[in-house]
Amino acid sequence: MFKSQLKAISSRIQRQFDDIFSELDVVSVTQAMAYATNGGKRLRGFLVVEGARLHGINIETAIWPATAVECIHAYSLIHDDLPSMDNDDMRRGQPTIHVKWDEATAILAGDALQALAFDLVSRHEVGSGEIRANLVSSLAKASGADGMVLGQALDISAETSQKKLTFEDITLLQQKKTGALIQWAATAGARLAGSDPTALTKFSNALGLAFQIADDILDVEGDIDLVGKAVGKDGEAGKATFVSLLGLKEAKRRAKELVNEACEALKEYGEKGENLRQAAHFVIQRES
């Protein structure tokens, strides 16, 4: 059920992107935007739609914030791949934006996707002015200097710092870099309904850390053809990760423990939360 639902939501998000980009002039920046948002697991968009479903919100409403969070995610990957950041040539098995076009186009495409995300969550189809304001404000915090961007800055700083990161340091870094946007996606459905997001916040906090541990494991054990980008870079750079601190066996154990915590947080939703439970298991079983 989970995989078919993930595929269906991904297809619906792609149709939304097709409609959005069809309204824009075809220039290199918009072509790069469409290229960057095409493909991937779209787990964050899935979390928005599933969280909304739990609160009685249909996909025609949820598709706007679902597409918005995928815009933010795509923008973050474009910038993360830049030569001044992680300097990656491949993403999802394809050339990165700065390789396929150029660095200036990559920067502008990322900027435009970030702006587009806030346009999408402020559309009247999303709900009342209060709901839209809540989504805009919370997305800004999750993606900005107190969220994803802070996490990226901490990550870059760690690469040049002489300080050895502790487990707590890496946990904070990843809660911002990866977890903040996952948390926003998982709680957006409750925000759409004006409901209490506490349970989904607990779920997403555990899910976000499990996701990052799985990423660190993939960097060690992953197949480049399946992962779709370079692997082994963290180890070569001597970068502190959950695997380097905990060891591979303990990192896998901790990831499973976090998945159990995520599933436990969904108990109030009963059987309706099954797709999200399966999503949590998928996070540590994925090959890309």
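The structure presented is a predicted model; accordingly, all values stated were derived computationally and were not measured. (Residues numbered from 1 in each chain as written. Predicted model: local features only at pLDDT ≥ 70, side-chain atom pairs only at ≥ 80, totals over all residues. Heavy atoms only, no water.)

Asks: Describe helix 6 (residues 103–121), and please don't skip the residues or the numbers.
Replies: Since one α-helical turn is 3.6 residues long, residues separated by three or four positions face the same way. When the terminal C-alpha atoms of helix 6 are compared, their 28 Å separation across 19 residues agrees well with the 27 Å that a helix rising 1.5 Å per residue should span. Of the residues making up helix 6, those classed as buried are Thr105, Ala106, Ala109, Gly110, Leu113, Leu116, Ala117, Leu120 and Val121. Along the axis of helix 6, the buried residues cluster in a sector spanning 135 degrees; they form a single face. Turning to helix 6, the residues buried within the fold contact helix 1 (2–22), helix 2 (28–36), helix 4 (59–80), helix 5 (97–100), helix 7 (129–143) and helix 9 (167–193). Capping of helix 6 at its N-terminal end is provided by Asp102; its side-chain oxygen lies 3.3 Å from the backbone amide nitrogen of Ala104. (Helix = DSSP H or I, 4+ residues; strand = E, 2+ residues; numbered from the N terminus. Expected span 1.5 Å × (residues − 1). Buried < 20%, exposed > 50% of the residue type's maximum accessible area, 1.4 Å probe, protein only. Arc of directions from axis to C-beta. Contact = heavy atoms within 4.5 Å. Polar contact = N/O pair within 3.5 Å; in protein donor to acceptor, adjacent residues only side chain to side chain.)

Asks: Can you explain the nonpolar core? Please cite residues and give values.
Replies: One finds Phe46, Leu47, Leu113, Trp184 and Phe203 to be the most contacted residues of the largest nonpolar core, which totals 83 residues. Among residues more than four places away in sequence, those in contact with Phe46 are Phe2, Gln5, Leu6, Ile9, Asn275, Leu276 and Ala279. (Core = buried A, V, L, I, M, F, W, Y, C linked by side-chain atoms within 4.5 Å.)

Asks: Describe in detail helix 9, supporting the description with residues and values.
Replies: Helix length check: helix 9, at 27 residues, gives a terminal C-alpha distance of 36 Å against a target of 39 Å (1.5 Å per residue), a fit within 8%. Taken as a whole, helix 9 carries its principal kink of about 55 degrees at Gly179. Where burial is concerned, most of helix 9 is hidden: 19 out of the 27 residues are buried. Of the residues trailing helix 9, Gly194 is marked for its positive phi of about 70 degrees. (Bend = angle between axes of the 7 residues up to and from the residue.)

Asks: Kindly report on the environment of Leu192, identifying the contributing residues and their values.
Replies: Inspection of the secondary structure puts Leu192 in helix 9. Between the C-alpha atoms of Leu192 and Asn58, which are 134 residues apart in sequence, the distance is 10 Å. Apart from the residues within four sequence positions on either side, Leu192 is in contact with Ala52, Ile57, Thr61, Ala62, Pro65, Val126, Ile131 and Leu135.

Asks: Let's hear about the side chain of Thr30: which residues, and what values?
Replies: By the secondary structure assignment, Thr30 is in helix 2. A distance of 2.7 Å separates a polar side-chain atom of Thr30 from the backbone oxygen of Asp25. Not counting residues within four places of it along the chain, the set of residues in contact with Thr30 comprises Leu24 and Asp25.

Asks: How would you explain unusual backbone geometry if you had to name every residue and give the values?
Replies: Positive phi, close to 60 degrees, is recorded for Arg42, a residue that is not glycine. If you trace the backbone, Arg42 turns up in the loop between helix 2 and helix 3 (43–54). The backbone of Arg92 shows a phi angle near 55 degrees, a positive value even though the residue is not glycine. For Arg92, the location among the structural elements is in the loop between strand 1 (90–91) and strand 2 (94–95).

Asks: Before we move on, can you summarise the side chain of Arg286 with the specific residues and values?
Replies: The residue Arg286 is located in the segment after helix 15 (274–285) in this model. Reaching out from Arg286, the side chain makes a polar contact with the side chain of Asp215 at a distance of 2.9 Å.

Asks: Any details on the packing of helix 3 against helix 10 (residues 198–221)? Residues and values, ideally.
Replies: Closest axis-to-axis distance for the helix 3/helix 10 pair is 13 Å, and the angle between their directions is 160 degrees. The orientation of helix 3 relative to helix 10 falls into the category roughly antiparallel. Handedness of the crossing formed by helix 3 with helix 10: right-handed. Seen from helix 3, the contacting residues are Leu43, Arg44, Leu47, Gly51 and Leu54; seen from helix 10, they are Leu200, Phe203, Leu207 and Phe211. By residue class, the composition of the contact of helix 3 with helix 10 is seven nonpolar, one polar and one charged. (Axes fitted to C-alpha atoms, helices over the stretch in contact; angles between N-to-C directions. Parallel < 35°, antiparallel > 145°, perpendicular 65-115°, else oblique. Left-handed = near helix turned anticlockwise from the far one by under 90°. Nonpolar A, V, L, I, M, F, W, Y, C, P; charged D, E, K, R; others polar.)

Asks: An account of the pattern of salt bridges is needed here, citing residue identities and associated values.
Replies: Evaluation of the coordinates by the stated rule reveals 15 salt bridges. We note a salt bridge from Glu250 to Arg253, for which the minimum N-O separation is 2.7 Å. Pair noted here: Glu250 and Arg253 are both in helix 14 (residues 248–264), with a separation of three residues, about one helical turn. When salt bridges that share partners are traced, they join Glu250, Arg253, Arg254, Glu257 and Glu261 into one network. (Salt bridge = Lys/Arg side-chain N within 4 Å of Asp/Glu carboxyl O.)

Asks: Quick rundown of the packing of helix 2 against helix 6? Include the residues and the values.
Replies: Running from amino to carboxyl end, helix 2 crosses helix 6 at an angle of 70 degrees, the nearest separation of the two axes being 9 Å. Judged by the inter-axis angle, helix 2 sits roughly perpendicular to helix 6. The handedness of the crossing between helix 2 and helix 6 is right-handed. Touching Ser28, Val29, Ala32, Met33 and Ala36 of helix 2 are Thr105, Leu108, Ala109, Ala112, Leu113 and Leu116, all from helix 6. Across the contact of helix 2 with helix 6, the residue classes break down as nine nonpolar, two polar and no charged.

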